[in-house]
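# Structural features, examined
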Amino acid sequence: MFTVSDEKELSVLHKAILEAKFSVTAQNEDIASSPILAGVSNKLYDELCHIREKKNKEEGALFKELRRIKNGDSYRGFFYDSVINARRDFVFLESDENTKRTMAKCYLSPFTCYESELEEFIEEVEKNEARSLKELNSADFKKATLMKLIQIDEDTVEIKLWLTNKKLCDIVFYDVSGMEIKSKGKRNGLPLILDKITLKSDKEELFEADFSAGAQKKSIKISAAMTDIRGI
């Protein structure tokens with residue numbers, strides 16, 4: 001059986017799990033709420049607490065205190081990252097209150113929180129209602145970063161945008177009647193930032209956006225019967 005007992009290896013593993021669980025752009029979105037990974041993450045934090053307490057009681061006490069989800073600026077961000085992930089979780093959104101509380105603990109593990117913070121988490125997630133393009137304007141997307149463009153099937157396309165207010169916006173286009181993507185310049189590894197966007201909602205929903213990263217340019221044009229927008 002594979003085991004890890006070295007403190008440095010445990011610490012790196014702990015950081016890697018945090019990156020996976022709290023990423024708002026994860027390839028596998030089920031990871032964030034996995035009860036199995038939540039259990040592993042909790043055991044790992046317990047073991048690191050035990051090791052650090054044996055070495056130095058003050059260091060161990062500090063590490064325990066930092067387990068509180070809202071203690072310290074660096075960990076406070078994890079709370080809101082989890083809210084973003086849960087907003088896209090239809091199982092969470094359709095569950096009863098007891099199940100939501102259980103799932104919230106999985107989302108937030110290995111960190112601990114008060115009952116009031118669990119309630120706050122659920123309330124923040126439920127604030128997110130689906131919207132359509134006609135309810136929004138171009139200013140809502142100013143300087144957004146293009147994270148992903150995914151063709152789910154021949155009639156459905158999803159765009160993920162990282163907004164300047166540190167929220168992840170999901171736009172799903174249903175019954176797509178047209179899609180055109182144009183790219184210019186070599187990929188340079190820099191994030192594509194929104195330069196211009198046009199939103200129209202008449203007989204169809206129309207989304208046109210121009211992004212750039214230095215010399216690299218990308219234009220996206222999508223027309224669809226309906227859009228579902230979350231996170232904005």
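Cut-off values and rules
Residues numbered from 1 in each chain as written. Predicted model: local features only at pLDDT ≥ 70, side-chain atom pairs only at ≥ 80, totals over all residues. Heavy atoms only, no water. Helix = DSSP H or I, 4+ residues; strand = E, 2+ residues; numbered from the N terminus. Buried < 20%, exposed > 50% of the residue type's maximum accessible area, 1.4 Å probe, protein only. Contact = heavy atoms within 4.5 Å. Areas by Shrake-Rupley, 256 points an atom, 1.4 Å probe, with all protein chains shown as cover. Lys, Arg positive; Asp, Glu negative; His and termini not counted. Charge placed at Lys NZ, Arg CZ, Asp CG, Glu CD. Patch = residues over 30% accessible without salt bridge, like charges linked within 9 Å, V, L, I, M, F, W, Y side chains within 5 Å. Salt bridge = Lys/Arg side-chain N within 4 Å of Asp/Glu carboxyl O. pLDDT = per-residue confidence, 0-100. Disulfide = S-S within 2.5 Å. Pairing = 2+ DSSP bridges. Axes fitted to C-alpha atoms, helices over the stretch in contact; angles between N-to-C directions.

This brings us to the overall build of the protein chain. Of the regular secondary structure elements, the protein chain holds seven helices and six strands. If you list the helices and strands of the protein chain from N to C, you get α-α-α-α-α-α-α-β-β-β-β-β-β. Within the span of the protein chain, comprising 232 residues, buried residues form 43% of the whole. For the protein chain, the share of sequence-separated contacts (at least 6 apart) that also reach a separation of at least 24 residues comes to 59%. For the protein chain, the accessible surface area stands at approximately 13,500 Å², while carbon and sulfur atoms represent 50% of it. Of the charged side chains in the protein chain, 38 are positive and 42 negative, and the gap between their average positions amounts to 6 Å.

Turning our attention to a nonpolar patch on the surface. Together, L149, M179 and I181 make up a nonpolar patch on the protein surface, roughly 210 Å² of accessible area in all. Looking at the secondary structure, you find M179 in strand 3 (residues 168–184).

Each neighbour pair has its own omega, and for S109 with P110 the value is 10 degrees, a cis peptide bond. Looking at where P110 falls in the secondary structure, it is placed in the loop between helix 6 (97–108) and helix 7 (115–126). Look at K143: it is not a glycine, yet its phi comes out positive at around 60 degrees. Mapped onto the secondary structure, K143 falls in the loop between helix 7 and strand 1 (145–153). A residue is classified by how much of its surface remains accessible, and K143, at 48% relative accessible area, is partly exposed.

A separate point is the confidence of the model for the protein chain. Chain-level statistics for the protein chain give a pLDDT mean of 87 and a share of 95% at 70 or above. Looking across the protein chain, the model is least confident in helix 4 (residues 73–87), with a mean pLDDT of 75, and most confident in helix 6, with 95.

Another aspect to go through is the state of the cysteines. A full pass over the atoms with the stated rule returns zero disulfides. Free of any disulfide, C113 has its nearest cysteine sulfur in C106, 11 Å distant.

Within the element layout of this structure, A38 appears in helix 2 (residues 35–55). Between the C-alpha atom of A38 and that of A104, which follows or precedes it by 66 residues, the distance is 11 Å. Those residues within four positions of A38 in sequence are excluded, and the remaining contacts are C106 and S109.

Burial runs high along strand 2 (residues 156–162): six of the seven residues are buried. Bridge analysis of strand 1 against strand 2 gives seven bridges, and the strand direction is antiparallel. Bridge pairing links L146 to L161 in strand 2. Hairpin geometry of strand 1 and strand 2 is characterised by an intervening segment of two residues between the two adjacent antiparallel strands. Across six bridges, the pairing between strand 2 and strand 3 is antiparallel. For L161, the partnering residue across the bridge sits in strand 3 and is C169. Following strand 2, the chain reverses through five residues before pairing antiparallel with strand 3; K166 in that reversal takes a positive phi of roughly 65 degrees.

Our focus in this paragraph is the sheet that holds strand 3. Strand-to-strand pairing in sheets goes through backbone hydrogen bonds, with the strands running parallel or antiparallel. Strand order in the closed barrel formed by six strands is 1-2-3-6-5-4, and the pairing between neighbours is antiparallel. Here the average twist between neighbouring strands, direction ignored, is 40 degrees. Here strand 5 (residues 205–213) runs beside strand 6 (residues 216–230); their pairing, made up of nine bridges, is antiparallel. Paired with F211 across the two strands is K218, which belongs to strand 6.

Let us look at the pattern of salt bridges. This structure, assessed with the given rule, holds 13 salt bridges. Between K182 and E180 there is a salt bridge, and its shortest N-O distance comes to 3.2 Å. A relative accessible area of 38% places E180 in the partly exposed class. Overlapping salt bridges bring together E29, E158, K160 and D170 as one network.

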